[in-house]
Amino acid sequence: MKKGKRYIPPSSAGFSFFITGEHILLRVYYDAVCYKKIPEQERDDRGQFLPRQWEKIPLSDGGVEVEFSPESQVQHIVFNGKARIDALWRRYRTGYIVTITMSNNQNIDDEKNGKEFIEEQNEKTLFNVVLHAIVESGQVGIYPSKNRAFLTDEEKEVALRYKDLHIYAVGHGAAADWAFNKQGKMEIKVDFIPTVEVPQLTASTGSGDDTPLIFAFLKMCEGEKHHEILHSLTLFVSNYAGWIEAQSRRAAHEDDEEDKKTAQSIIEKQHLAHNRMRRGVELLQKSRNARIAFATMNRAMLLQWISNDRNRGIEKKESQYRWRPFQLAFILMVLESVVNEESQYRDTLDLIWFPTGGGKTEAYLGVMAFLFIYRRLAYPASYGGTVAIMRYTLRLLTSQQFIRANKVISALELIRRENGELFGREPFSTGLWVGGATSPNTYYQAVKMAEDGQFNKLVISSCPWCDAPFSKKNYIAGNDRFHFTCTNPLCDFGKNPKNLLPCNIVDEALYQNPPTLLIATVDKFARLTWEERAAAFFGLNGNRPPELIVQDELHLISNALGSIVGLYEVAIDTVLITRGMRSKYIASTATIKNAKQQIRTLFGRDVAVFPPSGIRCDDSYFAKSVPLNEKPGRLYVGYLAPLLSRQRCLEPLAAILLSAPIEVFGDMEAHMDRWWTQIVYHGSLKGVGNSRTLYQSGIPYLLERVTVENLKNEIEKFFPGFTDDKKLVTIDDFNRVADVEVKGIVEKYPLRDLNVNVLTSNQSAVENNQVFMALEKGRGESGAVDVALATNMISVGLDVSRLAMMIINGQPLTTAEYIQASSRVGRGETPGIVFVNYYKTQARSLSHYENFRSYHDAFYRFVEPSSLTPFTYQARSRALHAALIIALRYGNIGLLTNDSAGEFDRDNQAVRKVIKEMKRRCAVAVHYGQEEIERVHLHIDELVDGWRERADYCRANRIKLVFNSKDRSFDNLICNFNEENGLWPTLQSMRNVENSALVKLFGKVRREQQ
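Residues numbered from 1 in each chain as written. Predicted model: local features only at pLDDT ≥ 70, side-chain atom pairs only at ≥ 80, totals over all residues. Heavy atoms only, no water.

Looking at an unreviewed UniProt entry, one finds the protein named Helicase domain protein and attributed to Desulfamplus magnetovallimortis.

This is the structure:
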């Protein structure tokens, strides 16, 4: 019978580095141990054999050294023939690339199986391997990488920013580390459990004068002190200019001409940002409306922060509430282009690029609050309707940000009620426009949810202003209305018995009264093709169209979803332009690369990244790295179990980490709580399912073993021999101990009964939100979470300060995803620790493991560019017709209603104008060249011809052509993809953008063919 293939673990480990010099000499220090099974097996009191013991055998006396040079031996036998050390010297330019490895020379008898094979494998394995190369003479250089001649301009900027972070070695079968030893010699070593502490970034930067950041100071901008405030803002901007000058002086001292040129390019972007900030201050000087809007915006931001703290029982002075410098700088930079439709930067997308947790949301909430007020002051007859649209990719994050934005809108609404003459009679409001799985789409659904007590499906469970919890009486639901109300008499809203809170979540309510701020998921905009009532969001009844579009978490708009979104963006932009509005676009992200191309393809605009980077990665003026001696960073730990399968390698790591809080922190409750909850990230739903099985079986078993071992060690410190004398083996044995002092120790080591929760797309938004709330609970509280198994949905939106430990199961597909996910822990005062569980059979995992230090020293350097191709034939065939329909339906040319589809006339002047604008918008975004532009234009013409032919056919045969109807007497222009009752199958959601197929392999057929 043919034997199956047996997995053989790695038999060597080492590293490579680049070295130059005339007389190169390396001292290689090495060490290891092995284990030998003790042949004699002891028996217990009942005569049963106890588990055999293993004896640890050092293979060298404290470690020894061997010397290598280019002319010397290239192999050295060590440990009495058990292993060898090889040195491979390869000529490279003026030096050598050297590879030092230790290999196990021992063989295992292939005839052995089962227990015998495992025992021999254990005895012949080398443990605690140490392999260091000390450079006695010679100079270790930067490890060769990509030729700079092949770098793009953006890659050259990235290389310059990380110029001072050098890569000196790469690992083979293990990670590599390097440092100068006490003698000043470079020492490179193998590292099986690599660690890198990544410094945190601070947004608390600037000149040291916080006065221009204080909300209470800036809210007086409309009064007599406005000259003083504007002077303070001018100094704030001037301080940035001074930093830019220092950057220019540093750039002049770059030792490479190419670096000087690249540095100059970076500095030009800094000057551009400074000049735009200065324009913002000038706008405030010249425009009283702008000053009032700026002052009111600052007052609203102050009120919402005070309300937040007051709800938590915190009282602060008003002067303690302030902007972070980058937030105020961003607002000043975009002010002019937000209110001036003729601004040269109106068509520039301003991208906030800042690490997670830095405060990006507050920055663009401030911009929106300013615009909401300014529009009412500047256009008192047409300010109504939707002013800004804020979009997200994930439904859960959209709901969270809706709740967050309600605070600012509530503050604005309270201010408006004080002066309705100045700020208008129409309330400020927010609206949540998402799928039916998150919020009700109709009044009927809302009424049923309220009557059935399903309040968690109504998104808001407490007053956005006072946080008073809601009950059934807080939901006003009827056949033609839905509102939230607050019944807390101490609330600024609740003290009015008939108050209505300025927010809504029901689609029908939003269509009737379009909100000032519409918050939606990107895929909801696929409904524009189907839903004529959504035209309310684009300016009806004499109101101006939306003036601001905000796209959060831009890096998530990629791949198949991004390609489809790009086509719907063509439609939305065309609609706004044909309605007379060139809207301002703002986006935000924590990880981005090739932003220029992505923004051009997606939004058809140029991009300005803020804050512009410095010429070194640790300082962009508005964001600086905090030295590790001032504040701990986030610690990354690499872990690879070469003998365990992908399905089982998590077990020992998870068990050890579950026991660690009790073992390490003992009576320090606060510290224990911070590391009590494990967040376990997975790259797939399958991985979550596998881990859930492990946490129900293998991990609890190992956790008990580790807990018992820790308990034994602790008791032995105070009572030597006690556990052996009493024959304490299991946790139940320890719980039966009568000795009071020992019992006190046992009580400090409880066996954890794991509460395992899941965060995936397979759960409803309500279920996931409940898990998010449970993660806020500390150790010992009812419902506290021990383990949260999650997919990439935690990468954005999870912001729980108590969480400090994460396991990443397998290297994520992208660096952006890795950074976003791992930054979910350590967001509070407690530093985070991230364990990366690498898979032995995954090439991506092995590569990142072997390059662990170089990767984590500068992982923003390795962020991959986003991929989106909206103008390929496959994408166009799926959604270009939808973009055409939206552009024509919402273009205010008489084709909005469902029964107007048959009135389409391609020769109509208004129709031709819309089509021309749509083609222009496509041409701006297409970057494949003129041929591709012509193909896109031809495709649009073919769609127009197809629509005309269908309309002509229906008119000739007296058939009513509609966009879509269930009435079989009508002819449909669009239908669902699984139906054939329309001309064009059309998406209802952008999530369903890829076809799927089942594949079945017939192994027997294949064998017969062979």
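Chemist: Summarise the overall build of the protein; cite the residues concerned and give the values.
Modeler: Each helix and strand counted, the protein has 29 helices and 32 strands in total. Its C-alpha atoms give the protein a radius of gyration of 33 Å, within 12% of the compact-globule value 30 Å for 1010 residues. The principal-axis extent of the C-alpha atoms belonging to the protein is close to 95 × 80 × 70 Å. For the protein, the proportion of contacts with a sequence separation of at least 24, taken over those separated by at least 6, is 74%. Here the protein displays about 46500 Å² of accessible surface, and carbon together with sulfur accounts for 49% of that area. A distance of 4 Å separates the average location of the 126 positive side-chain charges in the protein from that of its 121 negative side-chain charges. (Helix = DSSP H or I, 4+ residues; strand = E, 2+ residues; numbered from the N terminus. Rg over C-alpha atoms; globule rule 2.2 N^0.38 Å. Contact = heavy atoms within 4.5 Å. Areas by Shrake-Rupley, 256 points an atom, 1.4 Å probe, with all protein chains shown as cover. Lys, Arg positive; Asp, Glu negative; His and termini not counted. Charge placed at Lys NZ, Arg CZ, Asp CG, Glu CD.)

Chemist: Give a description of the packing of helix H7 (residues 325-339) against helix H8 (residues 360-378) that names residues and reports values.
Modeler: Contact geometry of H7 with H8 gives a least axis separation of 9 Å together with a crossing angle of 35°. Viewed along their axes, H7 and H8 form a crossing whose handedness is right-handed. Within the contact between the two elements, H7 uses Phe326, Gln327, Phe330, Ile331, Val334, Leu335, Val338 and Val339 and H8 uses Lys360, Glu362, Ala363, Gly366, Val367, Phe370, Leu371 and Tyr374. Across the contact of H7 with H8, the residue classes tally to 12 nonpolar, two polar and two charged. (Axes fitted to C-alpha atoms, helices over the stretch in contact; angles between N-to-C directions. Left-handed = near helix turned anticlockwise from the far one by under 90°. Nonpolar A, V, L, I, M, F, W, Y, C, P; charged D, E, K, R; others polar.)

Chemist: Outline empty space enclosed by the protein, listing residues and values.
Modeler: Counted under the stated rule, the structure contains five cavities of 30 Å³ or more. If you add up the space inside the largest cavity, you get close to 70 Å³. Along its surface, the largest cavity is lined by Leu658, Ser659, Ile662, Glu663, Leu703, Thr707, Asn710, Tyr749, Pro750, Leu751 and Arg752. Contributing elements (two or more residues each) for the lining of the largest cavity: helix H15 (650-665) and helix H18 (698-718). With four residues, H15 is the largest single contributor of residues to the lining of the largest cavity. Looking at the lining of the largest cavity residue by residue, the class counts come to six nonpolar, three polar and two charged. (1 Å grid on protein atoms, 1.4 Å probe; cavity = no way out; pocket = protein on both sides within 12 Å on 5 of 7 lines; lining within 4 Å. Points joined across faces, edges and corners; volume = space filled by probe spheres on them.)

Chemist: For the sheet that holds strand S30 (residues 960-962), give the residues involved together with the corresponding values.
Modeler: One open sheet accounts for three strands, arranged S30-S31-S32; its pairing is parallel. Single-partner strands in this sheet number two, and they are S30 and strand S32 (982-985). Pairwise comparison of adjacent strand axes, ignoring direction, gives a mean angle of 15° for this sheet. Bridge count between strand S31 (residues 970-975) and S32: three bridges; the pairing is parallel. Note on S32: the bridge partner recorded for Ile974 is Trp984. Running at roughly 155° to S32, helix H28 (residues 930-956) makes contact with S30, S31 and S32 of the sheet. (Pairing = 2+ DSSP bridges.)

Chemist: Give a description of the side chain of Thr386 that names residues and reports values.
Modeler: Tracing the backbone through its elements, the reader meets Thr386 in the loop between H8 and strand S14 (388-392). Thr386 gets classed as buried once you look at its relative accessible area, which sits at 1%. At a separation of 2.8 Å, a polar atom in the side chain of Thr386 contacts the main-chain carbonyl oxygen of Pro515. (Buried < 20%, exposed > 50% of the residue type's maximum accessible area, 1.4 Å probe, protein only. Polar contact = N/O pair within 3.5 Å; in protein donor to acceptor, adjacent residues only side chain to side chain.)

Chemist: Give a description of H28 that names residues and reports values.
Modeler: When the terminal C-alpha atoms of H28 are compared, their 39 Å separation across 27 residues agrees well with the 39 Å that a helix rising 1.5 Å per residue should span. Within H28, burial applies to Glu932, Ile933, Val936, His939, Ile940, Leu943, Val944, Gly946, Trp947, Ala951 and Cys954. One or two steps after H28, the chain reaches Arg958, where phi turns positive at roughly 55°. (Expected span 1.5 Å × (residues − 1).)

Chemist: Hey, could you go over the confidence of the model for the protein for me, with residue numbers and the actual values?
Modeler: Taken as a whole, the protein shows an average pLDDT of 90; of its residues, 95% reach a score of 70 or greater. Below a pLDDT of 50 lies the segment residues 993-997, which in the model reaches eight contacts outside its immediate sequence neighbourhood of four places, other chains included. This model gives residues 1006-1010 a pLDDT under 50, and the stretch forms zero contacts once residues within four places in sequence are excluded. (pLDDT = per-residue confidence, 0-100.)

Chemist: Which residues make up helix H5 (residues 257-286), and what are the values?
Modeler: With 30 residues, H5 extends 43 Å between its outermost C-alpha atoms, agreeing within 8% with the 44 Å of an ideal straight helix rising 1.5 Å per residue. One side-chain oxygen at the N-terminal end of H5 lies 2.8 Å from the backbone nitrogen of Glu258; it belongs to Asp256.

Chemist: An account of the nonpolar core is needed here, citing residue identities and associated values.
Modeler: Counting 114 residues, the largest nonpolar core has Leu233, Phe294, Leu332, Met368 and Met390 as its most contacted members. Grouped together as the second largest cluster of nonpolar side chains are 74 residues, Tyr511, Phe603, Leu880 and Phe963 included. (Core = buried A, V, L, I, M, F, W, Y, C linked by side-chain atoms within 4.5 Å.)

Chemist: Break down the state of the cysteines for me, citing the residues and quoting the values.
Modeler: By the definition in use, this model includes zero disulfides. For Cys463, which is in no disulfide, the shortest distance to another cysteine sulfur is to Cys466 and amounts to 3.7 Å. By relative accessible area, which is 15% here, Cys466 ends up buried. (Disulfide = S-S within 2.5 Å.)

Chemist: Quick one: what's the story with the sheet that holds strand S27 (residues 787-790), residue by residue and with numbers?
Modeler: Here we have seven strands laid out as an open sheet, ordered S11-S24-S29-S28-S25-S27-S26, and mixed in their pairing. In this open sheet, the two edge strands, each paired with only one partner strand, are strand S11 (195-198) and strand S26 (756-759). Taking the axes of each pair of neighbouring strands and ignoring which way they run, one obtains an average angle of 20° across the sheet. Two elements, strand S24 (residues 634-640) and strand S29 (residues 833-838), share six bridges in a ladder whose sense is parallel. Along S29, the bridge assignment pairs Tyr636 with Val834. Along the sheet, helix H17 (residues 685-696) contacts strand S25 (678-682), S26, S27 and strand S28 (805-809); its crossing angle with S27, the most-contacted strand, is approximately 155°.

Chemist: Quick one: what's the story with the packing of helix H13 (residues 559-578) against helix H27 (residues 909-925), residue by residue and with numbers?
Modeler: For the pair H13 and H27, interaxial distance at closest approach is 9 Å and the crossing angle is 130°. Of the possible angle classes, the one that applies to H13 and H27 is oblique. Once H13 is placed against H27, the crossing between them reads as right-handed. When H13 is examined against H27, the residues Glu569, Val570, Asp573, Thr574, Ile577 and Thr578 are found in contact with a partner set consisting of Val914, Glu917, Met918, Arg920, Arg921 and Cys922. In the contact of H13 with H27, the residues fall into five nonpolar, two polar and five charged. (Parallel < 35°, antiparallel > 145°, perpendicular 65-115°, else oblique.)

Chemist: Which residues make up the domain arrangement of the protein, and what values go with them?
Modeler: Assigned domains of the protein: these are domain 1 (12-192) and domain 2 (643-741 + 757-839). Between the C-alpha centres of domain 1 and domain 2 the distance comes to 31 Å. (Domains from an automatic or database assignment.)

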